[in-house]
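Summary of the model geometry
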Amino acid sequence: MTRQALHEGWSLRAVPGPQVPAGIAGRAVPATVPGCVHTDLLAAGLIPDPYLDDNEKALAWIGRTDWVYETTFHHEPGDDERVDLVCAGLDTVATLTLNGAEVGRAENMHRGHRFDVGSLLAAGSNTLAVRFDAAYRYAEAQRDRLGDRPNAYPEPFPFIRKMACNFGWDWGPTLVTAGIWQEIGLHAWSTARLAVVRPLVTVEAGDGRVELHVEVERAGDAPLTVRATVAGATAEATIPAGQRTAVLTLSVRDPALWWPRGYGDQPRHPLQVTLHDADADARPLDTWSRRIGFRSVRLDTVPDAHGTPFALHVNDAPVFVRGVNWIPDDAFPTRITRDRLAHRFRQAADANVNLLRVWGGGRYESEDFYDLADEWGLLVQQDFLFACAAYPEEEPFRAEVAAEAAEQVVRLAPHPSLVLWTGNNENIWGWHDWDWQEPLAGRAWGRGYYLELLPRIVAELDPTRPYWPGSPWSGSEEIHPNDPAHGTTHIWDVWNTDDYTKYREYVPRFVAEFGYQAPPAYATLRRALSDEPLASDSPGMAHHQKAIDGDAKLRRGLDAHLPAPADFDDWHWLTQLNQARAIQLAVEHFRSHRDVCAGTIVWQLNDCWPVTSWSAVDGDGRRKPLWYALRRAYADRLLTVQPRAGGLALVGVNDGATPWRATASVTRLTLTGEPRAKVTLELDVPAYARIELALPAELARPEQARRELLVADAGGTAERALWFFAEDRDADWPPAGYDAAVEPVDGGHRVRVTARTVLRDLTLFPDRLDPAAEADEALVTLLPGESATFTVRTNAPLPPAALTTRPVLRHAGDIAAG
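Description of the structure in this document. (Residues numbered from 1 in each chain as written. Predicted model: local features only at pLDDT ≥ 70, side-chain atom pairs only at ≥ 80, totals over all residues. Heavy atoms only, no water.)

Further remarks concern the overall build of the protein. Looking only at helices and strands, the protein features 17 helices and 44 strands. The C-alpha radius of gyration computed for the protein amounts to 29 Å, which stays within 12% of the reference 28 Å derived for 818 residues, consistent with globular compactness. Structurally, the protein occupies a C-alpha span of about 90 × 70 × 60 Å along its principal axes. For the protein, the proportion of its 818 residues judged to be buried stands at 60%. Within the protein, contacts between residues separated by at least 24 positions form 69% of all contacts whose residues are at least 6 apart in sequence. Across the protein, the 81 positively charged side chains and the 112 negatively charged ones have centroids separated by 2 Å. (Helix = DSSP H or I, 4+ residues; strand = E, 2+ residues; numbered from the N terminus. Rg over C-alpha atoms; globule rule 2.2 N^0.38 Å. Buried < 20%, exposed > 50% of the residue type's maximum accessible area, 1.4 Å probe, protein only. Contact = heavy atoms within 4.5 Å. Lys, Arg positive; Asp, Glu negative; His and termini not counted. Charge placed at Lys NZ, Arg CZ, Asp CG, Glu CD.)

What follows is the structure, given as structure tokens:
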């Protein structure tokens, strides 16, 4: 058995058409495989960077053009009985020819293809070509044939099995790709090969069990033997002549369990499978190896007094989900390296995240993604790839969806981090609430996928993991799919129409999406936009705001809470601050009800390009203030002041493995630091639990709301909690006063700020001085006499005066003061 990668010597050319620019028509350029048309044209200097300014608009022709990839390779015939051309991923509508003869066709980006090419290969030089038909032409033809169906955007993405967000989203560019986007090569083999290896890993009464399902493809009918080993256990099975399947069971006594981060370690064990013919001493015919983790997972959805829970249990331990939604980290997936993913995972883990939800408008994530999730102990919820649209269930789509789903369920089965399959993003909700039913006129819209086909495939191929038909989904067709009391819910009236304080009106069972927008970091904007001057509505800013009425919604949020910005620097700071405040308020509120609410998944962790969006980490990988707020709100121990009927309460939330016992002092004081009332409370919070303590009236009722706040401090066992009685726009801030000192340290600078007056949400933006600079902390509130130290990591010398004044050093009160 041999494998030959076919990744070298490729060229790319456009099939002639009136839309193809003159400088590209008739020209072949070097192509990188795996890759895509956009990145090849960019590397050749034939198109501008689509992430800069409004260059995206000038590249729409690419998705309406046919493209041909071609390479020549050498083949030396051997005595193998089969030689297959194996394509892990073709984007999307592909026709493959070898030495002028058609090999096969593909029309699904989300699955692999294998073609027997032994009879077409020549000794010596061979020419392989892959023609990609325009994705738009294919999708529009299918739409015209089957009838249009409603979706959230005026694009035909439901009519092609391709990454939906290629066609644009409310945070993403319209860059409709084509290309050989995953590995391609020849696989030569004889007798038989391992076609499917499907380990079902379970834990029962402390013992691990691997039920290993093996399917072979044969070139002959000889008896075969399959052997497997894991963690000291071995098993063997015979596949008789003419048969194709075997099931092996491996039992491991008391294995070290794989746990989510924060709950334990993440040990993994090599599972090795070999296939043999009658000559047991010869080299194996084929081998397969993965690292697995022993853990159990279940979803508690048994109705209770509050409705229908949605509570994840790993190894029988309930896990409060502190999650973020994940979108493709780049519009061009082949640019996403393992190192880039590792950096993003580190950012997630450092923000105390324990789950990533892979959203249904992108892709089934890569092996690197899942291997890193296994390593980091980050749980993963993987959507099947349907988002924000009514999807056709007619052929060829039903067969393609079935093949795609089966392949991906099997591919991801070894990964302990994967704990939940979800049928779609918002499509069941859309059918109920988005005026779809009349235009559908009884036509299929995806229900058969989410409630019949996909659950059947998961149940047949991987019954060790739960399946949930949609996000959101109530658990029953008899209950509205976005009912907060049942299953999972998405909260989007906040942001779209309502102020973020409305989050407090919800006590949901599980919040799978909620978010608030802000622009990316200043350095990201300056790299991506040539606008002079930058303004909230300058051409580049407007193009990189994809949400409907996005700027108006940002302004509405500012008007409700903060002073009016005087210039772009103020607008940039205040919108980022408002985003952080909105999500911190929401997360702390939901966690304060952790006996009812079992998890939150913030929309969204990351971006795929420079854009104003809901992300905590922008398209250049820079952390927005939201990231720092999320780190606080998702901390293992959370101290928070919450409004309750008739007053205020101090809530302690403990997502740690040990009890939290501390003395907490709660003080009402003026903005100038003068105490008005104080109480001491004892915290005794069991592991994975919360406690709620009502605050007395003398604390909860200020004498002058515009001039007072509450401070709750648990002696360093958790970050202190603050409660301001008035919005910033209404507060009677004293003129800001502080002293600042800067000293150089290895790898950057240390900035120490000492407050002479209250400084709320003190934040440094060193990227305004050096695009590579980053501060370790943000959104720090200082009372008079207190100090904070920020470490700025940079290789550049930064001027101390600039580091300690606007627009680099900001706080919430500096607008009125400025």
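What follows is about the nonpolar core. With 147 residues, the main nonpolar core has Trp169, Phe384, Tyr503 and Phe514 as its most contacted residues. In this structure Tyr503 touches Ile491, Val494, Phe514, Gly515, Ala582, Ile583, Leu585, Ala586, His589 and Phe590, once residues within four positions along its chain are discounted. (Core = buried A, V, L, I, M, F, W, Y, C linked by side-chain atoms within 4.5 Å.)

Using the criterion set out here, one finds zero disulfides in the structure. Between Cys36, a cysteine without a disulfide, and Cys165, which holds the nearest cysteine sulfur, the sulfur-to-sulfur distance is 13 Å. With no disulfide partner, Cys165 has as its closest neighbouring cysteine sulfur the one in Cys608, 6.3 Å distant. (Disulfide = S-S within 2.5 Å.)

Moving on: the pattern of salt bridges. All told, the structure shown has 75 salt bridges when counted by the stated rule. Taking the shortest distance from any N to any O, the salt bridge between Glu56 and Lys546 comes out at 3.0 Å. Of this pair, Glu56 sits in the loop between α1 (37–43) and β4 (67–75) while Lys546 sits in the loop between α11 (539–543) and α12 (550–561), and the two are 490 residues apart along the sequence. The salt bridge partner of Glu404 is Arg161, with a shortest N-O separation of 2.8 Å. With Glu404 in helix α5 (residues 397–412) and Arg161 in the loop between α2 (135–146) and β11 (179–180), this pair connects stretches of sequence that are 243 residues apart. For Arg161, a relative accessible area of 3% puts it in the buried group. Several salt bridges converge on common partners, so that one network encompasses Arg268, Arg291, Arg338, Asp368, Asp371, Asp374 and Glu375. (Salt bridge = Lys/Arg side-chain N within 4 Å of Asp/Glu carboxyl O.)

Right, let's get into the side chain of Asp371. By the element assignment, Asp371 lies in helix α4 (residues 367–376). Excluding anything up to four places from it in sequence, Asp371 contacts Arg268, Arg291, Arg338 and His415.

Assignment of secondary structure puts Lys553 in helix α12. No salt bridge is formed by the buried Lys553, whose closest oppositely charged neighbour, Asp549, lies at an N-O distance of 5.5 Å. Within the structure, the side chain of Lys553 is placed 3.1 Å from the backbone oxygen of Ile548, a separation counted as a polar contact. Contact partners of Lys553, with chain neighbours within four places excluded, come to Trp495, Asn496, Tyr516 and Ile548. (Polar contact = N/O pair within 3.5 Å; in protein donor to acceptor, adjacent residues only side chain to side chain.)

Strand pairing in a sheet is mediated by backbone hydrogen bonds. Such pairs are either parallel or antiparallel. Across the sheet, which stays open at both edges, the three strands sit in the order β31-β32-β35 with antiparallel pairing between neighbours. In this open sheet, the two strands that pair with only one neighbour each are β31 (637–644) and β35 (689–694). When the angles between neighbouring strand axes are averaged without regard to direction, this sheet yields 20°. Pairing geometry for strand β32 (residues 647–654) and β35, over six bridges, is antiparallel. Bridging from a neighbouring strand, Asn654 pairs with Ala689 of β35. Across the face of the sheet, helix α13 (residues 568–591) comes into contact with β31 and β32 while running at roughly 90° to β31. (Pairing = 2+ DSSP bridges. Axes fitted to C-alpha atoms, helices over the stretch in contact; angles between N-to-C directions.)

The next subject is the sheet that holds strand β44 (residues 809–810). The three strands lie next to each other as β42-β40-β44, forming an open sheet whose pairing is antiparallel. Two strands close off the open sheet at either side, each with one partner strand: β42 (780–782) and β44. In this sheet, β42 lies alongside strand β40 (residues 759–764) in antiparallel orientation, the contact comprising two bridges. Following the sheet pairing, Leu762 is matched in β42 by Val780. Running over the sheet, α13 touches β40 and β44 and is turned about 110° from β40.

Once that is clear, we can look at the environment of Leu574. Relative to the helices and strands, Leu574 resides in helix α13. In contact with Leu574, other than residues within four places in its own chain, are Leu558, Leu562, Pro563, Pro565 and Ile815.

On to the layout of surface pockets, then. Roughly 940 Å³ of internal volume is contained in the second largest pocket. Around the second largest pocket, the lining comprises 36 residues; the ones closest to its centre are Arg581, Gln584, Leu722, Phe724 and Arg760. At the level of elements, α13, β31, β37 (721–724), β40 and β42 are the ones that each hand at least two residues to the lining of the second largest pocket. Here the residues of the lining of the second largest pocket sort into 17 nonpolar, six polar and 13 charged. (1 Å grid on protein atoms, 1.4 Å probe; cavity = no way out; pocket = protein on both sides within 12 Å on 5 of 7 lines; lining within 4 Å. Points joined across faces, edges and corners; volume = space filled by probe spheres on them. Nonpolar A, V, L, I, M, F, W, Y, C, P; charged D, E, K, R; others polar.)

With the exception of glycine, the majority of residues adopt a negative phi angle, and the majority of peptide bonds are in the trans configuration. Omega for the peptide link from Val33 to Pro34 comes to 0°, which places this bond in the cis form. Omega for the bond connecting Arg806 with Pro807 falls within 30 degrees of zero, at 5°, which places this linkage in the cis form. Structurally, Pro807 is set in the loop between α16 (800–803) and β44. Even without being a glycine, Ala441 presents a positive backbone phi close to 50°.

Once that is clear, we can look at the packing of aromatic side chains. As enumerated under the stated definition, the model contains 42 aromatic pairs in all. With 4.9 Å between their ring centres and 65° between their planes, Phe310 and Trp468 make a pair best called edge-to-face. One end of the pair, Phe310, is in the loop between β20 (297–300) and β21 (311–314); the other, Trp468, is in strand β27 (residues 467–468), with 158 residues separating them in the sequence. Overall, the relative accessible area of 4% leaves Phe310 in the buried class. With a centroid separation of 5.7 Å and 70° between ring planes, the pair formed by Trp573 and Phe765 is classed as edge-to-face. Linking Trp573 in helix α13 with Phe765 in the loop between β40 and β41 (774–775), this pair joins segments that are 192 residues apart in sequence. Per residue, the accessibility class of Trp573 equals that of Phe765, and both read buried. Clustering of aromatic rings is evident, with ring pairs tying together Tyr153, Phe157, Trp169, Trp171, Trp359, Phe386, Tyr391, Trp431, Trp445, Tyr449, Tyr450 and Trp603. Just above the ring of Tyr522 sits the side chain of Arg768; from NZ or CZ to the centre is 3.9 Å. (Phe/Tyr/Trp six-rings, centres within 6.5 Å; stacked < 30°, edge-to-face > 60°. Lys NZ or Arg CZ within 6 Å of the ring centre and 35° of its normal.)

Along the chain, Arg706 turns up in the loop between α15 (697–700) and β36 (708–713). Relative accessible area serves as the criterion here: at 51%, Arg706 is assigned to the exposed category.

This part covers the environment of Trp733. Within the secondary structure, Trp733 is located in the loop between β37 and β38 (738–745). C-alpha separation for the pair Trp733 and Val758, spaced 25 residues apart in sequence, amounts to 8.2 Å. Here Trp733 is in contact with Leu671, Phe724, Asp728, Val758 and Arg760, once residues within four sequence places are set aside. At 3.2 Å, the side chain of Trp733 forms a polar contact with the backbone oxygen of Asp728.

Note that every value here comes from positions in space, so none of it alone points to a role or purpose.
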